[in-house]
Amino acid sequence: MLFRLLYPPKCVLCGQILEKNRKYWCPCCENETLSFPAPRRGLPFLEHWTSLWYYDGRVRESLLRFKFGGQRGYAEAYGALLARKIAAQFPEGFDLLTWVPTSRQRRRKRGFDQSERLATALGRHLGHKPVRTLRKTIHNPPQSGIHGYAQRRANVLGAYRAVDAAAIAGRRILLIDDIVTTGATAGECARVLLTAGAKSVSLAAVAAADKDRKGTSA
């Protein structure tokens, strides 16, 4: 009780002090997940894809704190909310939960793989233990510094390989990432998984860039 008084929990998105019965989100920020459309099509090699929010403003700042500011516990908050969205928007379910892996060098520098942590948190809420299906074999330049789908596609081409084809074959796979911008990275991961025998690959992310919105170039 004293700890809560001294260090009251704050909303992961806006930083507002939370009411006693709330753990991660204020009501306003929680309701904003409804602003993102239902599962979309149109990204290469992906059956469907969805996100909690668009990548701008408070969402962008929250994810930067998660990835670079030491707030690794945010994964639990994102995972809890993403689980609700997936349960509502993917009623047909999936067979295997996995993630877009980062390179060994980037993981060593950051101290963790953000997408793996997200998948682990999400899996606890969905009753699925994440399975490593991909390994990143090339330490390529960050996608955030490259603009345009063609350039990003070239940057990740051949950067991933399947780990266990037997575990992938015939499975409907849900792929987890923190941010989807052009879809080049997720599309390349999906291509590798489909080549290894997956039945389908869908994507769920915390945030998605929208070319019609400001602040989505990262």
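Refer to the structure printed above.
Residues numbered from 1 in each chain as written. Predicted model: local features only at pLDDT ≥ 70, side-chain atom pairs only at ≥ 80, totals over all residues. Heavy atoms only, no water.

Caption draft 1: Region of the structure containing the packing of aromatic side chains. Under the definition given, this model contains 6 aromatic pairs. Note on Trp25 and Tyr78: the rings are 6.2 Å apart at their centroids and 40° apart in plane angle, and the pair reads as tilted. Here Trp25 is found in the loop between helix H1 (2-6) and helix H2 (27-31), whereas its partner Tyr78 is found in helix H4 (residues 74-89), with 53 residues between them in sequence. Across the pair, exposure class does not vary: Trp25 and Tyr78 are buried alike. Plain terms: the ring middles of Phe66 and Phe112 are 5.7 Å apart, the flat faces sit at 65° to each other, and that makes the pair edge-to-face. Within this pair, whereas Phe66 is found in helix H3 (residues 57-68), its partner Phe112 is found in the loop between helix H5 (104-110) and helix H6 (114-126), the two being separated by 46 residues in sequence. Exposure remark for Phe112: the relative accessible area of 4% places this residue in the buried category. Each member of the aromatic cluster is reached from another via a ring pair, and the members are Trp25, Trp53, Phe66, Tyr74, Tyr78 and Phe112. (Phe/Tyr/Trp six-rings, centres within 6.5 Å; stacked < 30°, edge-to-face > 60°. Helix = DSSP H or I, 4+ residues; strand = E, 2+ residues; numbered from the N terminus. Buried < 20%, exposed > 50% of the residue type's maximum accessible area, 1.4 Å probe, protein only.)

Caption draft 2: Main features of the packing of H4 against H6. At a minimum axis separation of 8 Å, H4 and H6 run at an interaxial angle of 50°. Comparing their axes, H6 and H4 come out oblique. Between H4 and H6 the crossing geometry is right-handed. Only Arg117, Leu118, Ala121, Leu122, Arg124, His125 and Leu126 of H6 make contact with H4, whose side of the interface consists of Ala75, Glu76, Tyr78, Gly79, Ala80, Leu82, Ala83 and Ile86. Of the residues assigned to the contact of H4 with H6, the class counts are 10 nonpolar, 2 polar and 3 charged. (Axes fitted to C-alpha atoms, helices over the stretch in contact; angles between N-to-C directions. Parallel < 35°, antiparallel > 145°, perpendicular 65-115°, else oblique. Left-handed = near helix turned anticlockwise from the far one by under 90°. Contact = heavy atoms within 4.5 Å. Nonpolar A, V, L, I, M, F, W, Y, C, P; charged D, E, K, R; others polar.)

Caption draft 3: Molecular detail of the side chain of Arg110. Examined against the element boundaries, Arg110 turns out to sit in helix H5. The buried charged residue Arg110 lacks any salt bridge, with Asp178 as its nearest oppositely charged partner at 5.8 Å. Beyond its immediate sequence surroundings of up to four residues, Arg110 is in contact with Lys67, Phe68 and Arg72. (Lys, Arg positive; Asp, Glu negative; His and termini not counted. Salt bridge = Lys/Arg side-chain N within 4 Å of Asp/Glu carboxyl O.)

Caption draft 4: Geometry of the sheet that holds strand E2 (residues 96-99). Strand order in the open sheet formed by 4 strands is E1-E6-E5-E2, with parallel pairing between adjacent strands. The outermost strands of the open sheet, each flanked by one partner alone, are strand E1 (49-54) and E2. Ignoring strand direction, the axes of neighbouring strands in this sheet form an average angle of 20°. As paired elements, E1 and strand E6 (residues 200-208) share 5 bridges and run parallel to each other. Paired with Tyr54 across the strands is Ala208, a residue of E6. Running over the sheet, H6 touches E2, strand E5 (172-180) and E6 and is turned about 125° from E5. Against the sheet, helix H9 (residues 184-195) makes contact with E5 and E6, and its axis sits at roughly 160° relative to E6, the strand it touches most. (Pairing = 2+ DSSP bridges.)

Caption draft 5: Expanded view of H3. Taking 1.5 Å of rise per residue, the 12 residues of H3 would be expected to cover 16 Å, and the 16 Å separating its terminal C-alpha atoms lies within 8% of that figure. For H3, every residue scored as buried is listed here: Val59, Ser62, Leu63, Phe66 and Lys67. Buried residues along H3 cover an arc of 125° about the axis, so they all sit on one side. A positive backbone phi angle near 85° is found at Gly70, which sits one or two residues after H3. (Expected span 1.5 Å × (residues − 1). Arc of directions from axis to C-beta.)

Caption draft 6: Seen up close, the pairing of E2. Residue alternation in E2 divides its side chains into two sets, Leu96 and Thr98 and Leu97 and Trp99, and both sets are buried. As paired elements, E2 and E5 share 4 bridges and run parallel to each other. Paired with Thr98 across the bridge in E5 is Leu175.

Caption draft 7: Spatial organisation of helix H7 (residues 149-156). Residues Arg152, Arg153, Asn155 and Val156 constitute the buried set of H7. Along H7, the residues classed as buried sweep out an arc of 160° about the axis, all on the same side. Facing away from the buried side of H7, by more than 90 degrees, are the exposed residues Ala150 and Ala154. Contacts made by the buried residues of H7 are with strand E4 (160-162) and H9. Directly after H7, the chain includes Gly158, whose backbone phi takes a positive value near 80°.

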